[in-house]
Amino acid sequence: MADFENLNSEEEMDLGIITLTLDDDSEVDCAILAIFPVNGKDYIALLPLDEEEDDDEVLIYRFIDKGDDEDPEIENIEDDDEYDAVADAFDELLDEMEFDEEEED
């Protein structure tokens, strides 16, 4: 379950914050890093904002925008091949962002 705040699916960066409810009913606030397509489906990359965590683990989920004033949904990616393809696409997106930043400097 996720509560979306300031989410505009047309913008891919600086999308806001969502609160994830984990299996143990604890909640984690996450920054939305990107919403991006892979093989005709949309995915979302999240960065937990938990101050206790020192690693920069990015969480990736399938993203379903229902439109019509309904909140978007996220789903776990169960298939290893699908997850690998999405993780590779996210890595490429990060590389492009880093390249664009270097060009601006």
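Residues numbered from 1 in each chain as written. Predicted model: local features only at pLDDT ≥ 70, side-chain atom pairs only at ≥ 80, totals over all residues. Heavy atoms only, no water.

J.: Any chance you could explain the overall build of the chain here in plain terms?
T.: A tally of regular secondary structure across the chain gives one helix and six strands. N-terminal to C-terminal, the α/β element order of the chain is β-β-β-β-β-β-α. The proportion of buried residues among the 105 residues of the chain is 30%. Considering only residue pairs separated by 6 or more positions, the chain has 26% of its internal contacts joining residues 24 or more positions apart. When the accessible area of the chain is evaluated, it comes to approximately 7500 Å², of which 38% is carbon and sulfur surface. (Helix = DSSP H or I, 4+ residues; strand = E, 2+ residues; numbered from the N terminus. Buried < 20%, exposed > 50% of the residue type's maximum accessible area, 1.4 Å probe, protein only. Contact = heavy atoms within 4.5 Å. Areas by Shrake-Rupley, 256 points an atom, 1.4 Å probe, with all protein chains shown as cover.)

J.: Please clarify how the pairing of strand S4 (residues 41-48) should be interpreted in this entry.
T.: The side chains of a regular strand alternate, first on one face of the sheet and then on the other. Looking at chain direction, strand S3 (residues 27-38) and S4 are connected through eight bridges and run antiparallel. By the bridge assignment, cysteine 30 is partnered in S4 with proline 48. Between the end of S3 and the start of S4, which pair antiparallel, lie two residues, with asparagine 39 showing a positive phi angle near 50 degrees. Two elements, S4 and strand S5 (residues 59-64), share five bridges in a ladder whose sense is antiparallel. Bridge pairing in S5 places aspartate 42 opposite phenylalanine 63. (Pairing = 2+ DSSP bridges.)

J.: Even after reading the chapter, I still don't get the packing of aromatic side chains, so can you show me in this structure?
T.: By the definition in use, this model includes two aromatic pairs. By the ring-pair criterion, three or more aromatic residues cluster together here, those being Phe36, Tyr43 and Phe90. (Phe/Tyr/Trp six-rings, centres within 6.5 Å; stacked < 30°, edge-to-face > 60°.)

J.: Please clarify how the pattern of salt bridges should be interpreted in this entry.
T.: Opposite charge on two side chains allows them to pair when their charged atoms are near. Applying the stated criterion across every chain yields a total of three salt bridges. Residue arginine 62 is joined to glutamate 75 by a salt bridge in which the shortest nitrogen-to-oxygen separation is 2.8 Å. Taken as a pair, arginine 62 in strand S5 and glutamate 75 in strand S6 (residues 73-75) lie far apart in primary sequence, 13 residues in all. Owing to a relative accessible area of 32%, glutamate 75 belongs among the partly exposed residues under this scheme. Measuring nitrogen to oxygen at the nearest pair gives 2.9 Å for the salt bridge that ties glutamate 73 to lysine 66. Overlapping salt bridges bring together Arg62, Glu75 and Glu82 as one network. (Salt bridge = Lys/Arg side-chain N within 4 Å of Asp/Glu carboxyl O.)

J.: Help me understand unusual backbone geometry, please; the structure alone is not making it clear to me.
T.: As a rule of thumb, non-glycine residues mostly have phi less than zero, and peptide bonds are mostly trans rather than cis. Phi at aspartate 25 takes a positive value of approximately 70 degrees, unusual for a residue other than glycine. By the secondary structure assignment, aspartate 25 is in the loop between strand S2 (17-21) and S3. Given a relative accessible area of 63%, aspartate 25 falls into the exposed group. Of note in this structure, asparagine 39 is not a glycine but carries a positive phi near 50 degrees. Within the secondary structure, asparagine 39 is located in the loop between S3 and S4.

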